[in-house]
Amino acid sequence: MGKKSYYLLKNKKKREIVSFELDKLDGYKVSPKTNKKDSIEVSKIIFVNREFSEKIIRKKIDKKIAYLLEQLKIIDEDDSGDNEGAIRKNLMDAEKLRLQIINNYVKYLGHTYESLTLKKLEIIIEQLRYKLYYIEMIKREIYMNQINYGNELEGRRSR
């Protein structure tokens, strides 16, 4: 079979197949990641309905923000101070999501939802940066205390 694309439309009255050119369709493009045995293989899905694509993107963004907030909560509860790697990973994920919203999802989202979501992400990013800065300050303070303690010991040994 060649590179043909089909659109299946089911009505109560009649069933017909309409052919579309996928390159000319404008909509939210998704490539599915799951493959099941004995099923039709789908390589690309294009959501043409604007409201439907907006709902899908909102759900996707809300799920990622909820995950970041949960990770921030876990970081807040953990007082051991050895979670710098988790903070850096979450900070990179938050900044990546921010860039995805700005670059890819702006044309599908409404202006108010977009601005509110970017404000939420900015608050999460600032909180993660503060946590990272706080850990760095603690490390610097420990290092300075070790240097000062070493100087005191050297002072006692001299004549």
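The structure this text deals with has already been given above.
Source: prediction; values computed, not measured. (Residues numbered from 1 in each chain as written. Predicted model: local features only at pLDDT ≥ 70, side-chain atom pairs only at ≥ 80, totals over all residues. Heavy atoms only, no water.)

Peer 1: Just checking my understanding: could you explain the packing of aromatic side chains for this structure?
Peer 2: Aromatic rings in a pair are described by how distant their centres are and how their planes are angled relative to each other. Overall, the coordinates contain 4 aromatic pairs when judged by the stated rule. Taken together, a centroid distance of 6.4 Å and an interplanar angle of 25 degrees make the contact between Tyr130 and Tyr134 stacked. With Tyr130 and Tyr134 both in helix 3 (residues 111–157) and 4 residues apart, the pair spans about one turn of that helix. Members of the aromatic cluster, each reached through a chain of ring pairs, are Tyr28, Tyr105 and Tyr108. Across the ring face of Tyr113, the terminal group of Arg58 is positioned such that the distance to the ring centre comes to 4.2 Å. (Phe/Tyr/Trp six-rings, centres within 6.5 Å; stacked < 30°, edge-to-face > 60°. Helix = DSSP H or I, 4+ residues; strand = E, 2+ residues; numbered from the N terminus. Lys NZ or Arg CZ within 6 Å of the ring centre and 35° of its normal.)

Peer 1: How should I be thinking about the nonpolar core in this particular structure?
Peer 2: The nonpolar side chains of a soluble globular protein tend to be buried, and buried together. Residues Ile57, Ile61, Ile101, Tyr105, Leu109, Leu121 and Leu128 are the most contacted members of the largest nonpolar core, which totals 23 residues. Secondary structure elements with two or more residues in this core: helix 1 (50–77), helix 2 (84–105) and helix 3. Sort the elements by how many residues they give to this core and helix 3 lands first, with 8 residues. Excluding residues within four positions of it along the chain, Ile61 makes contact with Ile101, Tyr105, Leu109, Tyr113 and Thr117. (Core = buried A, V, L, I, M, F, W, Y, C linked by side-chain atoms within 4.5 Å. Buried < 20%, exposed > 50% of the residue type's maximum accessible area, 1.4 Å probe, protein only. Contact = heavy atoms within 4.5 Å.)

Peer 1: Is there a simple way to explain the pattern of salt bridges in this structure?
Peer 2: Pairing between side chains of opposite charge can happen when their charged atoms approach one another. Summed over all chains, the structure comprises 9 salt bridges. A salt bridge links Glu54 to Arg58, with the shortest nitrogen-to-oxygen separation between them at 3.1 Å. With Glu54 and Arg58 both in helix 1, this residue pair falls 4 residues apart, about one helical turn. Here Glu126 ties to Arg129 by a salt bridge, and the two come within 3.5 Å at their closest N and O atoms. Highlighted residues: Glu126 and Arg129, both in helix 3, separated by 3 residues, approximately one helical turn. (Salt bridge = Lys/Arg side-chain N within 4 Å of Asp/Glu carboxyl O.)

Peer 1: Please clarify how a positive patch on the surface should be interpreted in this entry.
Peer 2: Together, Lys29, Lys44, Arg50 and Lys107 line one region of the surface with positive charge. Mapping Arg50 onto the fold places it in helix 1. (Patch = residues over 30% accessible without salt bridge, like charges linked within 9 Å, V, L, I, M, F, W, Y side chains within 5 Å. Areas by Shrake-Rupley, 256 points an atom, 1.4 Å probe, with all protein chains shown as cover. Lys, Arg positive; Asp, Glu negative; His and termini not counted. Charge placed at Lys NZ, Arg CZ, Asp CG, Glu CD.)

Peer 1: Would you mind going over helix 2 with me for this structure?
Peer 2: Owing to its 3.6 residues per turn, the α-helix aligns residues three or four sequence positions apart on the same side. Spanning 22 residues, helix 2 covers 30 Å between terminal C-alpha atoms, matching the ideal 32 Å at 1.5 Å per step. All of the buried residues in helix 2 are Glu84, Ile87, Asn90, Leu91, Ala94, Leu97, Ile101 and Tyr105. An end-on view of helix 2 places all buried positions within 160 degrees of arc, on one side of the element. Residues of helix 2 that are exposed and point over 90 degrees away from its buried face: Gly85, Met92, Lys96 and Asn103. (Expected span 1.5 Å × (residues − 1). Arc of directions from axis to C-beta.)

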